[in-house]
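Observations on chain architecture
Now for the letters of each chain:
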Amino acid sequence: MGDDYTRLWTYRLKWLYTLLVVFTLMLPVFYVIYISFNQNGFGARDYVFTFEWYSGIFTDLLLMNALGNTMLLAAITTVLAVPLGLIAAKFYKATGTDRAKLLTVSLLLSPLFVPADILGSALLVFFKNLNIACATAGEWLGVSWFETWFELGYFSALVGLIIYTIPYIFVVILITMGRYKEQQSEAARSCGATAWQAFYQIEFPQIRAGVFSACAFTVILSFNEYTRTSLLKGGYDTITSVLISQMLNEGMSEQSYAMSSLISFIAIAVIGSIIIYTLVHTDRLEREARAKAQPVMSS
Amino acid sequence: MNQKNDIAVQVSGLAKNYGAVQALRGVDLTIGAGEYFVLLGPSGGGKTTLLRLLGGFIRPTAGQILLHGRDVSEQPPNRRPTSMVFQSFALFPHMTVAQNVGYGLRLRRLPKAEIAARVDAMLEMVGLKDLADRMPHALSGGQQQRVQLGRSLVLEADILLLDEPLAALDAKLRKDMCLELKHLQEQIGITFVHVTHNQEEAMTVADNMAIIADGVLVETGTAQDLYENPQARFTADFIGENNIFDGRVSGLTGSGVEIDLGFAKFTVDAQGQTPRVSDMVSVSIRSELVRVLGPGEAPEALLQTVPATYGEAVYLGLATSHVAKLANGDNIVARHVSRGGTSDDFEAEAPLTYAWPRTQMRLHLS
Amino acid sequence: MIKVRPQLGGMGGSDITAPIPASRLRWQRGLSRALFLLPIIFMMVFFALPLALTVVWSVFERTMFWMKPGFTLFSYENFFFSARLDNFLSSMMHSSVSVVVSFVLGFPIAVFIRRRIPQVAQHRVILLFILPFMVSEIIRIFALRPVLQRTGLVNTVLLELGVITEPITAILYTPMGVIIGEVMSFLPFIVFAGFLAMEAVPKYIFEICDDLGAPRHRVFIDVILPLAAPGIFAGGVFIFVNGLGVALLPNILGGPGAVNAGLIATQAIAALDFPLAMAVSAIMMATLLALLYLGHRLFNLTRILSPIN
Ligand SMILES: Nc1ncnc2c1ncn2[C@@H]1O[C@H](COP(=O)(O)OP(=O)(O)O)[C@@H](O)[C@H]1O
Ligand SMILES: [Mg+2]
């Protein structure tokens, strides 16, 4: 673009602004990390570097227990939500009618527009009602094996997390699928592949990056989620609920700083490595895509 | 196994709707085994739809598809004796050329050594021996299509379906590959069903062809049939360059049909058709059969003549088109082999006579 | 000419082209249809249905610990004829300010990325904005406290620099604090939405405008805004609705008066007033649907989807 060279300075300023915004958004988190390594905690005059506040985290039984619950929830959410999002994206691409497309897209994206507390409250009351309905039905039928299905607990928390994460999964996978040409699956079918073989031998290797990014997002989003989970989880603790109760009860203790930093570290590391991987990988993909888009028209 | 008198494809009453769009309506079609069959027609006519129905990529709304006598209407693509070559973007980008070609064999769980041998032989056949380890994105358009061909042919399916296989190639390459396709088909002897909107391509390769437009199968026949004796007005309009006159039957005399065009009356042989008086019909004449008579030049007997006002000459290389206006305002074209130097024989606005042999005129009832 | 070829099935390998019996075809088709409908059914049952039912539950009668079927508008009265309505309206105000601020700060970035960054690199720059979003919401919001506090980072730095002589106290535990929190939380979304929206503005348009010598603000108002409107609107609605509904923001950053719909709902649940919580949810859903309907009438929101089609 000629413009960039004639107006190099405005171009640089715009870059600077963009990076400054990203930095500003991250600043509070960086500051928390900075404080977490200070022996004297927040607001102290002298900065003394220490790991002291971190050492407490791993010996805290309550916390380790919460970590277990959180990881379990994150893992199951990923295992359930990513395939659901993938199927939805495939359905969206495969369905011929505009009405089915519109229905799919609005159902899968609208959770973005429903705030956490609102969805959480609605689901909470929904599950409580289901629970009562089951109990009533059980009493009436004289059987009880299904009575606890909808009690607040892992299942309800999972539902909340799946609904929260599925829009992101859907969009990420759909965008990756956009590059994929359906003719390839058809070519595979005509070579003798079943629909399933055509999917995992031909399509999946090409959308793998999108699916794995979606998995990483899902793990991190469910790990970080507080509002919906805390409303729906029933009795047990998760990392975020422990953290929030600590923050609200003791203010920001040094321990809270350390925990926040640790969680942020993990998220930044995971997403950071995905970003770096993508930076390296998209280069290759784009080159291939360009080569495919303009084949040399001679033999 | 593949005798010419076998029937490879038999389609009856085939229809396909996409919502309210009727992409294909009541198509009946028979394709002999070992034929090179071309589906020709304008874009959006339903050719791809018909081919994809044969391949099993879409399900018919109505009708039946028999391939080698077996009803496959409900079978998925992988259970049909067909293999498909697509217009573009159909190679597996994450596999090498050899892996692409060997994909179908791998699905059939053939021994590795046999796969390698068959792939080698096929690459040799389609002229890609040296490119076995290339990735698809490093191939030219023509090479990509060869890989697709190889990938399909290696499976030895009975019927090869090709959807505009050459449309993405440049004109010169398209011509060469056309002939190659034809020779390849003669060599292996399986049935090819080839979709194209390009007349020249169709004529080059086809043993038989079908004209498809607006979801309807208009006419089938050999290339020569369709060029010289089209039954349908649409075919006459679509293939070659024809002058077409629409008019009303005004009289029947033996096998002669008198047609009133408003500005003139033609008499045409019925050619076995049975028009009735006052039917709307059309008459066509190929433009290369039309001659331009100068002022004062007397017409021979047996020639049909019409007066016309000369318009312009359009130089097309081998031929030159002489365009004139008829009394009703329509254009009439005479196409002559170009003679060196004098490209403009006639004065604009000159009153001339256009003439052609009566016997070459064709009557179209539809 | 006619060669004898081995039949397909006789290729030595397994016969994978034998016809499938009709009965098996039928259940295979049924199964695959069911599989494809699974996400839709899931979202219908656990997302659309509970939200739709909030309307029903909101007119139930409150009991000591739960609610019982009935019809009363008490919860709505409770919402509309109390300080809650004022809180709701002022949180709408704050939310609108956040939308405008986020748009002004974030949309130019989306335009810049689309216009000036080579196609290949565009997605990578966008990825940078995912980074803050990947840190837990509660940490990001809580972390604003040490930054904005009386003795926090902003005040310390400004005092050191001599820009101010007194710590600024208007930026935390005030509506201003909530707005800052909203902008910090939701700004990436206006960049994402803007980026998708700019897909609707083909690059050659800029070249035409440059050719015509159109001034920049005219290009922006006459060309970019109308074309990108659906995407911008969607981003704006996202921020607006979440500003109304995320209870953590006013809870942690707002002062005593800062209460939004999300906080009203969760406080109602904590007080076991379930019908009230459902009424608030229903009102929020009505607000959202009204906004989306309005946007759809104005800009045909389905246009947003064209990039993924
Ligand atoms: N998946 C589809 N959904 C809706 N309409 C379609 C679809 N595929 C084709 N059509 C319509 O069916 C008609 C025939 O299309 P096609 O078979 O592709 O024509 P051709 O290959 O002769 O150009 C066209 O009008 C086209 O718009
Ligand atoms: Mg076509």
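Here the structure is a predicted model, which means the values were calculated and not measured.

With that settled, consider the overall build of chain C. Looking only at helices and strands, one finds 13 helices and two strands in chain C. On C-alpha atoms alone, chain C measures out to a radius of gyration of 27 Å, which is more than a quarter above the 19 Å that the 2.2 N^0.38 rule sets for 309 residues. Per-residue burial for chain C yields a buried fraction of 51% across its 309 residues. Accessible surface, chain C as shown: approximately 14,100 Å² in total, 70% of it carbon and sulfur. Treating the 21 positive side-chain charges of chain C as one cloud and the 14 negative ones as another, the clouds have centres 14 Å apart.

Residues and elements named next belong to chain B. Spatially, five strands are ordered S15-S19-S16-S17-S18 in an open sheet, and the strand pairing comes out antiparallel. Whereas interior strands pair on both sides, the edge strands pair on one side only; in this sheet they are strand S15 (291-293) and strand S18 (331-337). This sheet shows a mean twist of 50° between the axes of neighbouring strands, independent of strand direction. With seven bridges connecting them, strand S16 (residues 303-315) and strand S19 (residues 351-357) associate as antiparallel partners. Residue pairing across strands places Pro-307 opposite Thr-353, the latter belonging to S19.

What follows concerns the pairing of strand S17 (residues 319-325) of chain B. Residue and element names in this part refer to chain B. Within S17, six of the seven residues are buried, which leaves the element mostly enclosed by the surrounding structure. The pairing of S16 with S17 spans six bridges and is antiparallel. Bridging from a neighbouring strand, Thr-309 pairs with Lys-325 of S17. Linkage of S16 to S17, two consecutive antiparallel strands, is achieved through a turn of three residues, within which Gly-317 is found at a positive phi near 90°. As defined by bridge partners, S17 adjoins S18 across seven bridges and the pair is classed as antiparallel. Residue pairing for S18: Ala-324 is matched across the bridge by Ile-332. Count of turn residues in the S17/S18 antiparallel hairpin: five residues, of which Gly-329 carries a positive phi of about 95°.

This brings us to unusual backbone geometry. The residue Glu-156 of chain B is not glycine, and still its phi comes out positive at about 55°. Relative to the elements of secondary structure, Glu-156 of chain B occurs in the loop between helix H4 (141-153) and strand S7 (159-163). Positive phi outside glycine occurs at Leu-272 of chain C, with the angle close to 60°. Of note, Leu-272 of chain C is situated in the loop between helix H12 (261-270) and helix H13 (274-299).

Residue and element names in this part refer to chain B. As a structural note, the neighbourhood of ligand 1 is formed by Tyr-18, Ala-23, Pro-42, Ser-43, Gly-44, Gly-45, Gly-46, Lys-47, Thr-48 and Thr-49. At 2.5 Å from an oxygen atom of ligand 1 is found a side-chain nitrogen or oxygen belonging to Thr-48. One of the side-chain nitrogen or oxygen atoms of Thr-49 is found 2.5 Å away from an oxygen atom of ligand 1. When ligand 1 sits alone it has 560 Å² of accessible area, and the protein chains cover 59% of it.

Listed per partner, the contact involves 91 residues of chain A and 86 residues of chain C. Carbon and sulfur atoms make up 81% of the surface buried where chain A meets chain C, a total of about 7,900 Å² over both sides. The tally of links between chain A and chain C comes to four residue pairs in polar contact (both at pLDDT 80 or more). In terms of residues, the side of chain A that touches chain C owes the most to one element, helix H2 (residues 8-36) of chain A, which gives 17 residues.

Let us now look at the pattern of salt bridges. Residue and element names in this part refer to chain B. Taken as a whole, this structure holds 20 salt bridges over all chains when the rule is applied. Two residues, Arg-118 and Glu-114, come together in a salt bridge whose shortest N-O distance is 3.0 Å. On the criterion of helical spacing, the pair formed by Arg-118 and Glu-114 is a turn pair, its members being four residues apart in helix H3 (residues 112-125). The salt bridge involving Glu-241 is made with Arg-335; its shortest N-O contact spans 3.5 Å. Of this pair, Glu-241 sits in the loop between helix H8 (233-238) and strand S11 (242-253) while Arg-335 sits in strand S18, and the two are 94 residues apart along the sequence. A single network of salt bridges, built from pairs that share partners, joins Glu-241, Arg-286, Glu-288 and Arg-335.

All names here are of chain B. If you walk across this open sheet you meet the six strands as S6-S7-S8-S3-S9-S10, and the pairing is mixed. The sheet terminates laterally at strand S6 (82-85) and strand S10 (216-221), the two strands that pair on one side only. Direction aside, the axes of adjacent strands within the sheet are offset by 20° on average. Here four bridges tie S6 to S7, and the two strands are oriented parallel to one another. Looking at S7, one finds that Val-85 is bridged to Leu-162. Sheet strands touched by helix H1 (residues 47-55): strand S3 (36-40), S6, S7, strand S8 (191-196) and strand S9 (208-213). Its angle to S7, the strand with the most contacts, is close to 150°.

Before going further, it helps to spend a moment on the interface of chain B and chain A. Counting residues at the interface gives 34 residues for chain B and 25 residues for chain A. Between chain B and chain A, a total of about 2,600 Å² is buried, with carbon and sulfur atoms accounting for 60% of that surface. When the buried surface of chain B facing chain A is broken down by residue, Asn-78, Phe-89 and His-137 of chain B rank first, second and third, together holding 23% of it. Counting across the chain B and chain A interface gives one salt bridge. For Arg-52 of chain B, the salt bridge is made with Glu-186 of chain A, and the minimal N-O distance between the two is 2.7 Å. Counting every contact that joins chain B to chain A gives eight residue pairs in polar contact (both at pLDDT 80 or more). Mapped by element, the contributors of at least two residues to the side of chain B that touches chain A are S6, helix H2 (97-107) and H4 of chain B. Looking at the side of chain B that touches chain A residue by residue, the class counts come to 18 nonpolar, eleven polar and five charged.

To continue, consider helix H3 (residues 83-116) of chain C. Between its first and last C-alpha, H3 of chain C extends 49 Å over 34 residues, near the 50 Å set by a 1.5 Å rise per residue. The sharpest bend along H3 of chain C comes to roughly 35°, located at Phe-103 of chain C.

Residue and element names in this part refer to chain B. Mapped onto the fold, Gly-329 is located in the loop between S17 and S18. Relative accessible area serves as the criterion here: at 36%, Gly-329 is assigned to the partly exposed category. Residues Gly-329 and Ala-308, 21 residues apart in the sequence, show an inter-C-alpha distance of 9.5 Å.

Once that is clear, we can look at the domain arrangement of chain C. Interface extent is often summarised as the accessible area lost during association of the parts. All names here are of chain C. Along its sequence, chain C is organised into domain 1 (2-57) and domain 2 (76-305). One C-alpha centre belongs to domain 1, the other to domain 2; they are set 42 Å apart. Contacts between the two partners involve four residues from domain 1, matched on the other side by five residues from domain 2. When the two sides are added together, the surface that domain 1 and domain 2 hide from each other amounts to roughly 400 Å², 76% of it contributed by carbon and sulfur. Per-residue buried area on domain 1 facing domain 2 is highest for Leu-51, Thr-54 and Trp-57; these three make up 85% of the total on that side. Taken together, the connections running from domain 1 to domain 2 amount to zero residue pairs in polar contact (both at pLDDT 80 or more). Of the residues assigned to the side of domain 1 that touches domain 2, the class counts are three nonpolar, one polar and no charged.

Per the stated rule, a full pass over the model turns up 49 aromatic pairs over all chains. Between the aromatic rings of Tyr-31 of chain A and Tyr-34 of chain A, the centroid separation amounts to 6.2 Å while the plane-to-plane angle is 15°, which identifies the pairing as stacked. With a gap of three residues between them, Tyr-31 of chain A and Tyr-34 of chain A both fall in helix H2, about one helical turn apart. Note on Tyr-34 of chain A: relative accessible area 44%, which makes it partly exposed. Between Arg-12 of chain A and the ring centre of Trp-9 of chain A, over which it is positioned, the NZ or CZ distance is 5.0 Å. In this structure, Arg-151 of chain B packs its charged tip against the face of Phe-92 of chain B, placed 4.5 Å from the ring centre.

Thresholds, definitions, all that
Residues numbered from 1 in each chain as written. Chains lettered and ligands numbered in written order. Predicted model: local features only at pLDDT ≥ 70, side-chain atom pairs only at ≥ 80, totals over all residues. Heavy atoms only, no water. Helix = DSSP H or I, 4+ residues; strand = E, 2+ residues; numbered from the N terminus. Rg over C-alpha atoms; globule rule 2.2 N^0.38 Å. Buried < 20%, exposed > 50% of the residue type's maximum accessible area, 1.4 Å probe, protein only. Areas by Shrake-Rupley, 256 points an atom, 1.4 Å probe, with all protein chains shown as cover. Lys, Arg positive; Asp, Glu negative; His and termini not counted. Charge placed at Lys NZ, Arg CZ, Asp CG, Glu CD. Pairing = 2+ DSSP bridges. Axes fitted to C-alpha atoms, helices over the stretch in contact; angles between N-to-C directions. Near = heavy atom within 4 Å. Polar contact = N/O pair within 3.5 Å; in protein donor to acceptor, adjacent residues only side chain to side chain. Contact = heavy atoms within 4.5 Å. Buried area = accessible area lost by both parts, 1.4 Å probe. Salt bridge = Lys/Arg side-chain N within 4 Å of Asp/Glu carboxyl O. Nonpolar A, V, L, I, M, F, W, Y, C, P; charged D, E, K, R; others polar. Expected span 1.5 Å × (residues − 1). Bend = angle between axes of the 7 residues up to and from the residue. Domains from an automatic or database assignment. Phe/Tyr/Trp six-rings, centres within 6.5 Å; stacked < 30°, edge-to-face > 60°. Lys NZ or Arg CZ within 6 Å of the ring centre and 35° of its normal.

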